[in-house]
Amino acid sequence: MSRLQLDRLGKSYGTSVVVDSVSLDIAQGEMVVLLGPSGCGKTTTLRMIAGFVAASSGDIRLDGSSILNLPPYKRDLGLVFQSYALFPHLSVARNVAFGLEMRGVARAAREARVAEMLRLARLEALAERLPKQLSGGQQQRVALARALAIEPRVLLLDEPLSNLDAALRGEVGRDIRLLQRESGLTTIMVTHDQDEAMAMADRLVVMKDGRVQQTGTQEDLYERPATPFVAGFIGRSNMLPGTLTNGMVVAGDATLRLAGQFAGTGACTLALRPERLSLAPAGTDGPGTAPGIVELASYLGPVREYLVRLGQDVRVLVRDTTARPTPLLAAGEAVTIQWDTGAERLFDAADAPMPCLQDDPTEARITHHV
Amino acid sequence: MEAVAAKLPVAYGERQARAATAFLSPALLVVSIMLVAPLLLVIRFSLNRYDPQELMIEAFTGANYLRFVSDPFYVAVLRTTLGVAFATTVICLLLGLPMAYRLARMTSRWKTFCMLCIVLPLFVSSVVRMVGWMILFAHGGVIDNLARWVTGNGLELMFTPFAVVMGIVSVNLPYVVLTVQSTIETIDPRVEEAAQSLGAAPGRSFWRVVWPLALPGIAIAGILCFILAMNAYATPYLLGGPRFQMMAPLIYQVFTNNNDWPFASAMAIILMATTLVLTAGSSLLIPRRYRG
Amino acid sequence: MSDAFRLPRRALLGGAAALPLLGRGASAEETMVIATWGGDYANLLKANVEEPLMKPQQIAVTQDINDEDPRVAKMYASRRLPRGADDVISLQAVRGHEVGAAGLVEAIDVANVPNLAHVLPNLKSPFYAPHIWSPQVIIYNPDKVKEPPKTFTDLLDPKYKGRVGVGDINYFYIMMAAALAATGDVNKVDAPETKALALKLNANGLRLYPSTDSIGAGIKSGEIDVGIMWLARVIMWQNAGIPVKAQFQTEGSVLYISGMVVPKNAPNKPAAWKYLNAMLEPSAQTRFAERMGYLPTVDNCKLTGKVGEQLALPDPAPKLAPPNYDITGTLQGPLSEWWKKNMQA
């Protein structure tokens, strides 16, 4: 129940930098998810906080004071692992009691606390079982109860759902979220699964190659990705590298008219959300359009998915989510893809987002549905 | 019709069992010829009577066993053997456990190198290794000269119980390290991290988590070490000298020097039985839930 | 130029000369087996008995190399077999007479082995063919010991405390030496006086060495200054640069004798007789004296030169005490156990 600050935290092995100057301020009771592909440095960051990996630079502060020089067993952090890491030789109750025993909590108080934790984690009936007699979901609940029993200052979750099958993931994830909310615990979770991250986080930190790409709420990341990587990692995006001239992006032999107005010229990357694109009849003109030919059309029930060819090797995925029943367009049909300012994101050569000069969502025009 | 249906699976099961027996039988044959038959022969010999001229006279007598247990000399040799085996096992475990732990938790490329360093002595005959110890321990040897240089007095370790224990430790240590290491490797390092995150200092986390989980492996390593030490032959012979008596060299001596096969057989059976009883007894020391 | 030509030609000639030898070897019809010690002894047998004396008789000899104890054990174990594995077995005299008394070996006589006629009178035996011998002496390091001990009892002097070494495996010879000193009779190895004397020596910090060679190493490293060993070894060690000298005891010297027996179930007894005869040939006996320092067991082998000097017994001739093997043979087992319990403990 504390404020956790990472201050330009770094880790390098020799010349290879694993975590590069990560700064993060996590408020009391907040749940922050570190998200990124494997090898992005998220787990190393978590292990530095836990104390199992020594930081090469920077600082970790808990309620204002550095914990960098404390060994793991003095940091008062609760840890939950992907592999559960339960003590195989101890019963569920003894697993949960372990941290209290280490702290020298008196027997009566210990038993009361264990009973409370088992109740919270819905494990009362399994108290005397050994871990190997439990299902994966039950084991992870034991791990959670064990970590929470010591009333840690911060809860650290390392891919806690990855070993569970899909059906259980949602359930255990909700359990974690509820217990965390209830106890008002400052929590950091590490995952590579963006759905899991989106579902559980108050705030997300997207990492790549040891660096923080963007920190923000789910909406921040989805609506205003700070880098092409985030645009591609959170939700889906059509990525079109090209050149910006006079409000047009020339990508290969295709030309796209931008919806917003952007200053500057030169190399850029245009990111377009497939679900924010729509199809208009061929020949439609104006801002936020590009002509193309339907190459593939799939009817997926609530969604129609089209792969539209804008030019040689330039293709765009369009997810038409129109509620009205419309006939599926046939492959080979000439169309115009159309979007408004909220669908597009333009990055310059240095992958920094380019500001949109005229960006008024109220100006959204009526899209023409074929 | 019903009867036939009921019979079928039984016949199939029988056939399977017969096939399994057939696969096992060559191994069974080898084991019984190479192991059981000589053992039965030794038991039979141990009940015979020795005669200086006739050597072995067919009999059914317990005199050889009685001779062993009633002669303080032989009982003392058995006691020495047990003492050396215990000391060796304790030292091997004390030295081997930290080594095995470090090795199991190593992830760098040094691990291969360290493993090699531990396995390599197994490629050298134990007699050759003993020659190395002899050079170290002998009068005018490395330790003797070093002690003389430091303290002014020489230190002769050759032909001492210490030399024998050190020699057997050096032979057995790789087995202990490798056995324990393979057990520790099956313990998820995250479990130790969990213990530490819950407030257990590394020492406590070792005793509360690694030790109980590794106990079956440690017990096997200890038993292996004990059995090897009980039956040590070359080391007590070469490093203990003529005045240091352990069972295996003594049995050999009685067998070949005196040609007293019945008594040597009885001694061999006593050594084996003692080892077996203690081995079985030691497994009782391991709490049931850690077993297997 | 001429050298370059000569070399291959000589090699060719050598090759040609070897051919008929090989042919003869291959066509040898008879084979026999000698069970013996390995090392120098076996090599010398091969070079001086088997190659020059047996091969020309069309007999190919195989060596079955092992220690003495297993060899004896094997004799006992296979005595009921109609056909044994070995034709000739090398044994020390004590063990040789032990198996002789047990009825395991064939009698020998001049009819079968003509050279037995030359065997020294005090080494003669009806079934044991002595091959080499050496008197047992007190050995000492002349750098450390100015006045050498002259009798077994001199070794009890406190100044030799912890400085005396003997071979554990030679226990029977040590006990014979003790018997000679204590009772005047080399055969009384189990007399109470003999055992008391041995125990006194033990109490004076006697060092037991597991092998004969380790006694020489003990002298060399300064671990011991005096000991008991046979003369042949002293000569070998002197040749190896170890500071050691021999002193004959005034009470007399025990004899170390090594020889050969033919087991009753030897598969090729005629070859075995020929082997015994060959190893008694002066030519073979000389080489063993030169290389190992043992004395010839035959009267027709006169040593000359350096060997003659080294092996010449001192003047006046030392008293030599050959044991009565009929007595000592039966004492092997009990004495071994006594030694184990009282001297080794």
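Sequence order sets the numbering: in each chain, residues are counted from 1 along the sequence as written. Following the order in which they are written, the chains are lettered starting with A and the ligands numbered starting with 1. Where local features are concerned, this predicted model is filtered to residues with pLDDT of at least 70; where side-chain atom pairs are given and counted, the filter is 80 or more; whole-chain, interface and lining totals use all residues. Excluded from the side-chain calculations are hydrogens and water; all other atoms, namely the structure's heavy atoms, are used.

Undergrad: Explain the overall build of chain B here, please?
TA: Secondary structure is summarised from DSSP: a helix means a run of H or I of at least four residues, a strand means a run of E of at least two, and numbering begins at the N terminus for each. Scanning chain B from N- to C-terminus turns up 12 helices and 2 strands. In sequence order, the secondary structure elements of chain B are arranged as α-β-β-α-α-α-α-α-α-α-α-α-α-α. The globule rule used for comparison is 2.2 Å times the number of residues to the exponent 0.38, while the radius of gyration itself is calculated over C-alpha atoms. Relative to the 2.2 N^0.38 estimate, which gives 19 Å for 292 residues, the radius of gyration of chain B is 25 Å and therefore markedly larger than a compact globule would have. With respect to the principal axes defined by its C-alpha atoms, chain B has extents near 95 × 75 × 30 Å. Three exposure classes are used, based on accessible area relative to the maximum for each residue type with a 1.4 Å probe and protein chains only: buried under 20%, partly exposed in between, and exposed over 50%. Put simply, chain B has 292 residues, and 42% of those count as buried. Looking at chain B alone, contacts between residues at least 24 apart form 69% of all its contacts between residues at least 6 apart. For accessible areas, the Shrake-Rupley method is used with a probe of radius 1.4 Å. Any residue's cover is judged against the shown protein chains and nothing else. Element-wise, carbon and sulfur atoms account for 74% of the exposed surface of chain B, whose accessible area totals about 15600 Å². Only four residue types enter the charge count: Lys and Arg as positive, Asp and Glu as negative, with His and the chain ends excluded. We put the charge of a Lys on NZ, of an Arg on CZ, of an Asp on CG and of a Glu on CD. Taking the average place of the 20 positive charges on the side chains of chain B and the average place of its 13 negative ones, the gap between the two points comes to 9 Å. Should any heavy atoms of two residues lie within 4.5 Å, those residues are considered in contact.

Undergrad: Looking at this structure, how should I read the overall build of chain C?
TA: Helices and strands together make up the secondary structure of chain C, namely 12 helices and 11 strands. Here the C-alpha radius of gyration of chain C, 22 Å, is about what a compact globule of 345 residues would show, namely 20 Å. For chain C, the spread of C-alpha atoms along the principal axes amounts to about 70 × 60 × 35 Å. Across the 345 residues in chain C, those meeting the buried criterion constitute 54%. Here the analysis covers contacts within chain C between residues at least 6 apart in sequence; of these, 77% occur between residues at least 24 apart. Surface summary for chain C: the accessible area is close to 14600 Å², and the carbon and sulfur share equals 56%.

Undergrad: So what exactly am I meant to see when it comes to helix 3 (residues 72–105) of chain B here?
TA: Quick reminder: α-helices carry 3.6 residues per turn. Residues three or four places apart thus point the same way. Between its first and last C-alpha, helix 3 of chain B extends 48 Å over 34 residues, near the 50 Å set by a 1.5 Å rise per residue. Note that the bend at a residue is defined as the angle between axes fitted to the seven residues ending at it and the seven residues starting at it. Of all the bends in helix 3 of chain B, the largest measures some 30° and sits at Gly-96 of chain B, one to four residues before the proline Pro-98 of chain B. Multiplying one less than the number of residues by 1.5 Å gives the expected span of a helix.

Undergrad: Would you explain helix 7 (residues 212–221) of chain C in this entry?
TA: Residues and elements named next belong to chain C. Along helix 7, the residues that are buried comprise Thr-212, Ser-214, Ile-215, Gly-216, Gly-218 and Ile-219. Where helix 7 is buried, its residues touch strand 4 (129–140), strand 5 (164–167), strand 6 (207–209), strand 7 (226–230) and helix 8 (231–239). Gly-222, located one to two residues past helix 7, shows a positive phi value of around 85°.

Undergrad: Looking at this structure, I do not really get the nonpolar core. What am I missing?
TA: Here is a general trend for soluble globular proteins: nonpolar side chains tend to be buried in one another's company. Core analysis: the largest hydrophobic core is formed by 111 residues, its most contacted members being Ile-139, Met-260, Tyr-275 and Leu-276 of chain C. Per element, the largest residue contribution to this core is 10 residues, and it comes from helix 5 (residues 171–183) of chain C. Boundaries between domains were set according to an automatic or database domain assignment. Of the residues that make up this core, three or more belong to each of domain 1 (3–132 + 257–309) and domain 2 (134–255 + 318–342) of chain C. Core analysis: the second largest hydrophobic core is formed by 97 residues, Met-207 of chain A together with Ile-218, Ala-221 and Leu-271 of chain B among them. Buried Ala, Val, Leu, Ile, Met, Phe, Trp, Tyr and Cys residues that are joined via side-chain atoms within 4.5 Å together make up what is termed a nonpolar core.

Undergrad: Is there a simple way to explain the interface of chain B and chain C in this structure?
TA: How big an interface is tends to be stated in terms of the accessible area lost upon association of its parts. At the interface, 24 residues of chain B touch 30 residues of chain C. Accessible area, probed at 1.4 Å, shrinks when two parts are joined; the buried area is that loss added up over both. Between chain B and chain C, the buried area comes to about 2300 Å², and carbon and sulfur atoms account for 43% of it. The term salt bridge refers to a pairing of a side-chain nitrogen on Lys or Arg with a carboxyl oxygen on Asp or Glu at a separation within 4 Å. A salt bridge links Arg-67 of chain B to Glu-337 of chain C; its shortest N-O distance comes to 2.5 Å. Between N or O atoms, a polar contact is any pair within 3.5 Å; within protein, one atom must be a potential hydrogen donor and the other a potential acceptor, and residues adjacent in sequence are included only when both atoms are from side chains. Scanning the region where chain B abuts chain C turns up 9 residue pairs in polar contact (both at pLDDT 80 or more). Of all the secondary-structure elements, those providing two or more residues to the side of chain B that touches chain C are helix 3 and helix 11 (247–256) of chain B. If you tally residues by element for the side of chain B that touches chain C, the top one is helix 11 of chain B, at 5 residues. In terms of residue class, the side of chain B that touches chain C is built from 11 nonpolar, 8 polar and 5 charged. When residues are grouped by polarity, Ala, Val, Leu, Ile, Met, Phe, Trp, Tyr, Cys and Pro land in nonpolar, Asp, Glu, Lys and Arg in charged, and all others, Gly among them, in polar.

Undergrad: Whenever I open this one, the packing of helix 4 (residues 136–149) of chain A against helix 5 (residues 166–183) of chain A confuses me. Can you help?
TA: For any two helices packed against each other, one specifies the crossing angle of their axes together with the interaxial distance. All names here are of chain A. Only the contacting stretch of a helix is used when fitting its axis, a line to C-alpha atoms as for every element, and angles between N-to-C directions run 0 to 180 degrees. Packing of helix 4 against helix 5 leaves a shortest axis separation of 10 Å and a crossing angle of 15°. Here helix 5 runs roughly parallel to helix 4, going by the angle between their axes. Between helix 4 and helix 5 lies a crossing whose hand is right-handed. Here Gly-137, Gln-140, Arg-141, Leu-144 and Leu-148 of helix 4 come into contact with helix 5, specifically with Leu-168, Glu-171, Val-172, Asp-175, Ile-176 and Leu-179. Broken down by class, the residue content of the contact of helix 4 with helix 5 amounts to 6 nonpolar, 2 polar and 3 charged. For classification purposes, an angle smaller than 35 degrees is called roughly parallel, one larger than 145 roughly antiparallel, one from 65 to 115 roughly perpendicular, and anything else oblique. Here is the rule for handedness: rotate from the far helix to the near one, and if that takes an anticlockwise turn smaller than a right angle the crossing is left-handed, while a clockwise turn gives right-handed.

Undergrad: For this particular structure, what's the right way to read the environment of Lys-159 of chain C?
TA: Residue and element names in this part refer to chain C. Relative to the helices and strands, Lys-159 is located in the loop between strand 4 and strand 5. Its relative accessible area of 54% is what places Lys-159 among the exposed residues. Residues Lys-159 and Asn-204, 45 residues apart in the sequence, show an inter-C-alpha distance of 9.3 Å.

Undergrad: Honestly, the interface of chain A and chain B in this entry has me stumped. Any pointers?
TA: Residue-level contacts link 22 residues of chain A with 20 residues of chain B. A combined buried area of about 2000 Å² lies between chain A and chain B, and 62% of that area is made up of carbon and sulfur atoms. On the chain A side of the contact with chain B, Tyr-73, His-89 and Met-102 of chain A bury the most area, a combined 36% of that side's loss. Between the two partners, chain A and chain B, sit 2 salt bridges. Where Arg-47 of chain A meets Glu-193 of chain B, a salt bridge forms, and the shortest distance between an N and an O atom there is 2.6 Å. Counting across the interface, chain A meets chain B through 6 residue pairs in polar contact (both at pLDDT 80 or more). Listed by contribution, the elements that provide at least two residues to the side of chain A that touches chain B are strand 6 (77–80), helix 2 (92–102) and helix 4 of chain A. Ranked by the residues each element gives to the side of chain A that touches chain B, the list is headed by helix 2 of chain A, at 5 residues.

Undergrad: Whenever I open this one, the domain arrangement of chain C confuses me. Can you help?
TA: All names here are of chain C. When cut into domains, chain C gives domain 1 (3–132 + 257–309) and domain 2 (134–255 + 318–342). Each of domain 1 and domain 2 has a C-alpha centre, and the two are 29 Å apart. Facing 16 residues of domain 1, the contacting portion of domain 2 comprises 16 residues. For the domain 1 and domain 2 pair, buried surface summed over both sides reaches about 1400 Å², with 62% attributable to carbon and sulfur atoms. Area buried by domain 1 at its contact with domain 2 is led by Val-94, Ile-257 and Tyr-294, which between them contribute 37% of it. Taken together, domain 1 and domain 2 are joined by 0 salt bridges. Linking domain 1 with domain 2 are 2 residue pairs in polar contact (both at pLDDT 80 or more). For the side of domain 1 that touches domain 2, the secondary structure elements donating two or more residues are helix 4 (93–101) and helix 10 (282–292). Per-element accounting of the side of domain 1 that touches domain 2 gives the leading share, 5 residues, to helix 4. Residues belonging to the side of domain 1 that touches domain 2 are distributed by class as follows: 7 nonpolar, 4 polar and 5 charged.

Undergrad: Explain the sheet that holds strand 7 (residues 154–158) of chain A here, please?
TA: The strands making up a sheet associate through hydrogen bonds between their backbones, and the pairing can be parallel or antiparallel. Residue and element names in this part refer to chain A. In this scheme, strands are said to pair when DSSP sees at least two bridges between them. Strand order in the open sheet made by the 6 strands is 6-7-8-3-9-10, with mixed pairing throughout. Each edge of the open sheet carries a strand with a single partner, namely strand 6 and strand 10 (211–216). Between one strand and the next, the sheet's axes are offset by a mean angle of 15°, whatever the strand orientation. Direction of pairing for strand 3 (residues 31–35) relative to strand 9 (residues 203–208): parallel, over a ladder of 4 bridges. When the sheet's bridge partners are listed, Val-32 is paired in strand 9 with Arg-203.

Undergrad: Whenever I open this one, the sheet that holds strand 4 (residues 57–62) of chain A confuses me. Can you help?
TA: Residue and element names in this part refer to chain A. Taking strand neighbours across the sheet as the criterion, the 4 strands line up as 2-1-4-5 in an open arrangement whose pairing is antiparallel. The strands lining the two open edges of the sheet, one partner per strand, are strand 2 (16–26) and strand 5 (65–66). Across 7 bridges, strand 1 (residues 4–13) lies against strand 2 in antiparallel orientation. Residue Tyr-13 lies in a different strand from strand 2, and its bridge partner there is Ser-16. Along the sheet, helix 1 (residues 42–50) contacts strand 1, strand 2 and strand 4; its crossing angle with strand 1, the most-contacted strand, is approximately 115°.

Undergrad: Looking at this structure, how should I read the domain arrangement of chain B?
TA: For chain B, the assigned domains are domain 1 (1–33) and domain 2 (71–290). The distance between the C-alpha centroids of domain 1 of chain B and domain 2 of chain B comes to 43 Å.

Undergrad: Can you help me understand the packing of helix 5 (residues 126–137) of chain B against helix 7 (residues 161–185) of chain B in this one?
TA: Residue and element names in this part refer to chain B. Closest axis-to-axis distance for the helix 5/helix 7 pair is 10 Å, and the angle between their directions is 140°. As judged from the angle between their axes, helix 5 and helix 7 are oblique. Classified by chirality, the crossing of helix 7 by helix 5 is right-handed. Here Ser-126, Arg-129, Met-130, Trp-133 and Phe-137 of helix 5 come into contact with helix 7, specifically with Phe-162, Ala-163, Met-166, Gly-167, Ser-170 and Val-171. Class assignment of the residues belonging to the contact of helix 5 with helix 7 gives a composition of 7 nonpolar, 3 polar and 1 charged.

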